[in-house]
Amino acid sequence: MEGKMNYSVLMSVYAREKPKYLQEAIESVLHQTLAPSEFIIIKDGPLTKELNRVLESYTASYPELVKVISLRENMGLGEALRIGVKHCKYEVIGRMDSDDICHQDRFKKQISYLMEHPDVDVIGSWIQEFDENGDQSTYIRKVPSSADRIKIYSKKRNPLNHMTVVFRKQSILRVGSYQSFLWNEDYYLWVRLLNRGFKLENLEEVLVFARAGETMFQRRGGIKYVLNEVKLQREFYNMKFISNSEFITNVVTRTLVRVVPNALRSFIYRKFLRTAG
């Protein structure tokens, strides 16, 4: 990679996060082989004393790099990231969740790819899951790499692992940036980009280690989740992104996954929606 591209990292954190997880996530960003030029952390509403103590330690140690933006109340991920994108001063922005861990070469590889492919607007990667104890599993969420395959895949499933993406700020702003859409803020954004002809790709390798476990699958069930799924699919249909038959198929299959017992939902995800590495 010739020269160095300045880039921002954007993270949102809210009160229910665990301080240890937040610290591990931040450390994995700070120790990248290609260091970020700024690290924007959005406090999505009031945090616990322990979480605030973690953030204060980093703003004190890295005053020129780590910048914390505080929201007076919890706004949800979509609104927090929309505000965060506005605060990022560099054209390239890398997303990071507050409980996952980056591979040390993650941003070097993704930034290099964007520099070499100026037509690509968003670049993601695969993730490998690990549990609450830090034990790495063999489950990998592989997503399509090419733009053509991503567009086809996106009509049924989210084509990008949100915590892995690096994107061009102006491309995101041109489709209205992040918007509030509970549990689907990222998927909704990718489809709006695809519908406008922007180019999304993935690197075929694990660049983020994602914290998983039974609680993750519990969050993906219940009637509230079903209603939001139907709302999302209706929006895709109204955008003419999916056909009537695709709308019906998606609603039926997704509803079934949401209403089964958690143990069965976990099995479905592991067996059919993940790859054993």
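Throughout, a residue's number is its position along its own chain's written sequence, starting from 1. This being a predicted model, a pLDDT of at least 70 is required before a residue's local features are given, and a value of 80 or more before pairs of side-chain atoms are given or counted; all residues contribute to the totals for chains, interfaces and linings. Neither water nor hydrogens contribute to the side-chain values; these are computed over all heavy atoms in the structure.

Q: Help me out: how do you make sense of the packing of helix α1 (residues 19–30) against helix α2 (residues 49–61) in this one?
A: Think of two packed helices as two axes; the pair is described by the angle between the axes and how far apart they sit. With axes taken as lines fitted to C-alpha atoms, and helix axes fitted only over the stretch in contact, angles between N-to-C directions fall between 0 and 180 degrees. Helix and strand labels come from DSSP, where a helix needs a run of H or I of at least four residues and a strand needs a run of E of at least two; each type is numbered from the N terminus. Where α1 contacts α2, the two axes come as close as 9 Å, and the packing angle between them is 20°. Overall, the two elements α1 and α2 adopt an arrangement that is roughly parallel. Like other packed secondary-structure pairs, α1 and α2 cross with a definite hand, here right-handed. Along the contact surface, α1 presents Pro19, Leu22, Gln23, Ile26, Glu27 and Leu30, while α2 presents Glu50, Leu51, Val54, Leu55 and Tyr58. Gly is put with the polar residues, along with every residue not named as nonpolar or charged; the nonpolar set is Ala, Val, Leu, Ile, Met, Phe, Trp, Tyr, Cys and Pro, and the charged set is Asp, Glu, Lys and Arg. Of the residues assigned to the contact of α1 with α2, the class counts are eight nonpolar, one polar and two charged. These descriptions rest on fixed angle ranges, namely under 35 degrees for roughly parallel, over 145 for roughly antiparallel, 65 to 115 for roughly perpendicular, and the rest for oblique. Left-handed describes a crossing whose near helix is turned anticlockwise from the far helix through less than a right angle; right-handed describes the clockwise counterpart. By definition in these notes, contact holds between two residues if any of their heavy atoms fall within 4.5 Å.

Q: Which parts of the structure should I look at to understand the nonpolar core?
A: Generally speaking, nonpolar side chains in soluble globular proteins are found buried as a group. Core analysis: the largest hydrophobic core is formed by 37 residues, its most contacted members being Leu10, Val122, Phe167, Trp190, Leu193, Leu200 and Phe236. For this core, the secondary structure elements donating two or more residues are β2 (38–43), α3 (77–87), α7 (185–195), α9 (223–238) and α10 (244–259). Filtering out sequence-adjacent residues up to four positions away, Leu10 remains in contact with Ile40, Ile42, Leu81, Gly84, Val85, Cys88, Ile93, Gly94, Arg95 and Met96. Joining through side-chain atoms within 4.5 Å is the link that ties buried Ala, Val, Leu, Ile, Met, Phe, Trp, Tyr and Cys residues into a set, and such a set is a nonpolar core. Exposed residues in this analysis have more than 50% of their type's maximum accessible area, buried residues have under 20%, and partly exposed residues fall in between, with area computed by a 1.4 Å probe over protein chains only. In this structure, Phe39, Cys102, Val166 and Leu207 belong to the second largest nonpolar core, which totals 32 residues.

Q: What is the right way to look at the pairing of strand β9 (residues 200–211) in this model?
A: Taken across its 12 residues, β9 has 10 buried, putting it largely inside the fold. The criterion for strand pairing is that DSSP finds at least two bridges linking the strands in question. When strand β6 (residues 122–130) meets β9, the two strands line up parallel, connected through nine bridges. Bridge pairing links Trp126 to Val206 in β9.

Q: Honestly, the side chain of Arg141 in this entry has me stumped. Any pointers?
A: Tracing the backbone shows Arg141 in strand β7 (residues 136–141). Polar contact criterion, stated in full: a pair of N or O atoms within 3.5 Å, where within protein one must be able to donate a hydrogen and the other to accept it, and residues adjacent in sequence count only if both atoms are side-chain atoms. A polar contact of 2.6 Å, which involves the side chain of Arg141, links it to the backbone oxygen of Asn158.

Q: What is the right way to look at the environment of Met239 in this model?
A: On the secondary structure map, Met239 appears in the loop between α9 and α10. Each C-alpha atom, one on Met239 and one on Arg192, is 8.6 Å from the other, the two residues being 47 residues apart in sequence.

Q: I'm lost on unusual backbone geometry in this one. Help?
A: Leave glycine aside and you will find that most residues have negative phi; peptide bonds, for their part, are mostly trans. For Trp183, which is not glycine, the phi dihedral falls at a positive 70°. Along the chain, the position of Trp183 falls in the loop between α6 (169–174) and α7. Of note, Lys240 is a non-glycine position whose phi angle comes to about 65°, a positive value. Here Lys240 is to be found in the loop between α9 and α10.

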